[in-house]
Amino acid sequence: MKPNFNNRIINVNDSGLGCLLTLVIVSLLLGAVGLQWVVNSFLILIAFLIISPVIAFWGFRWWLKRNLVEDSCPVCNYTFTGFNNTDCRCPNCGESLRVESGKFIRETPPGTIDVKAVDVDVSGNNNE
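Treat the numbers as computed from the prediction; the structure is a model and nothing was measured.

Rules used in this analysis
Residues numbered from 1 in each chain as written. Predicted model: local features only at pLDDT ≥ 70, side-chain atom pairs only at ≥ 80, totals over all residues. Heavy atoms only, no water. Helix = DSSP H or I, 4+ residues; strand = E, 2+ residues; numbered from the N terminus. Buried < 20%, exposed > 50% of the residue type's maximum accessible area, 1.4 Å probe, protein only. Lys, Arg positive; Asp, Glu negative; His and termini not counted. Salt bridge = Lys/Arg side-chain N within 4 Å of Asp/Glu carboxyl O. Polar contact = N/O pair within 3.5 Å; in protein donor to acceptor, adjacent residues only side chain to side chain. Contact = heavy atoms within 4.5 Å. Pairing = 2+ DSSP bridges. Axes fitted to C-alpha atoms, helices over the stretch in contact; angles between N-to-C directions. Phe/Tyr/Trp six-rings, centres within 6.5 Å; stacked < 30°, edge-to-face > 60°. Disulfide = S-S within 2.5 Å.

**Considerations on unusual backbone geometry**
- One non-glycine residue, Asn85, adopts positive backbone phi at about 60°.
- Structurally, Asn85 is set in the loop between strand S2 (79-83) and strand S3 (87-89).
- In this model, Ser101 sits at a positive phi of 55°, which is unusual for a non-glycine residue.
- Counting through the fold element by element, Ser101 comes out in the loop between strand S4 (96-100) and strand S5 (103-106).

Next up, the structure:
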């Protein structure tokens, strides 16, 4: 027959007691030996780990504000965003564009002449 161990009057949970005692003993030892610089460097490391994500977040926002460009495509006038000094394609018409100085510029291969069409009125109102 198995012994019954559930007849305890006081049930103490001591699962984290060893870790706590180790932490207290190490702290007392460092304080007694005079290694205050170890404790200070640990606290500085913890402070750095807490502060660095905040600084990284604000730095990323600053970089994004300087490099994100919103403009319209010079071919189809579709408005979209792109990064400054990069090449991209218009999501509407697929035209290859370059982002320079906060504007989208149409890329043309060398030797291509870019021509703008002019609408000519061909109604019968000519004075001939």
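**Focus on the side chain of Asp71**
- In this fold, Asp71 is placed in strand S1 (residues 68-72).
- Although Asp71 is buried, it forms no salt bridge, and the closest oppositely charged side chain is Lys103 at an N-O distance of 4.6 Å.
- A polar contact is formed between the side chain of Asp71 and the backbone nitrogen of Phe104, at a distance of 3.1 Å.
- Once residues within four sequence positions are removed from consideration, Asp71 is found in contact with Tyr78, Thr79, Phe80, Gly102, Lys103 and Phe104.

**Here's the deal with the sheet that holds S4**
- With respect to topology, three strands assemble into an open sheet ordered S3-S4-S5, the strand pairing being antiparallel. With one partner strand each, in any of the chains shown, S3 and S5 form the two edges of the open sheet. The mean inter-strand angle of the sheet, taken between neighbouring strand axes irrespective of direction, is 40°.
- Summarising the sheet, S4 and S5 pair through four bridges and their orientation is antiparallel.

**Notes on the packing of aromatic side chains**
- For the structure shown, the criterion picks out five aromatic pairs.
- Their ring planes at 25° and their centres at 6.1 Å tell us that Phe60 and Trp63 sit as a pair that is stacked. Taken as a pair, Phe60 and Trp63 lie in helix H2 (residues 36-67) at a separation of three residues, close to a single helical turn.
- For Phe60, a relative accessible area of 48% translates into the label partly exposed.
- Its relative accessible area of 38% is what places Trp63 among the partly exposed residues.
- Summarising the aromatic geometry, the rings of Phe80 and Phe104 are spaced 4.5 Å apart at their centres and angled 10° between planes, so their arrangement reads as stacked. Of the two residues, Phe80 is situated in strand S2 and Phe104 in strand S5; the sequence distance between them amounts to 24 residues.
- On the basis of relative accessibility, which here comes to 10%, the residue Phe80 falls in the buried class.
- Clustering of aromatic rings is evident, with ring pairs tying together Phe60, Trp63 and Phe83.

**Observations concerning the pairing of S1**
- Taking every second residue as pointing to the same face, the buried face of S1 carries Val69 and Asp71, while none of Leu68, Glu70 and Ser72 on the other face is buried.
- Sheet analysis places S1 next to S2, joined by five bridges and oriented antiparallel. Paired with Asp71 across the strands is Phe80, a residue of S2.
- Hairpin remark: S1 followed by S2, antiparallel, with six residues in the connecting loop; positive phi at Asn77, about 60°.

**A short note on the state of the cysteines**
- For the structure on display, the rule yields zero disulfides.
- The closest cysteine sulfur to the non-disulfide-bonded Cys73 is located on Cys90, 3.8 Å from its own sulfur.
- Residue Cys73 is classed as buried on the basis of its relative accessible area, which comes to 1%.

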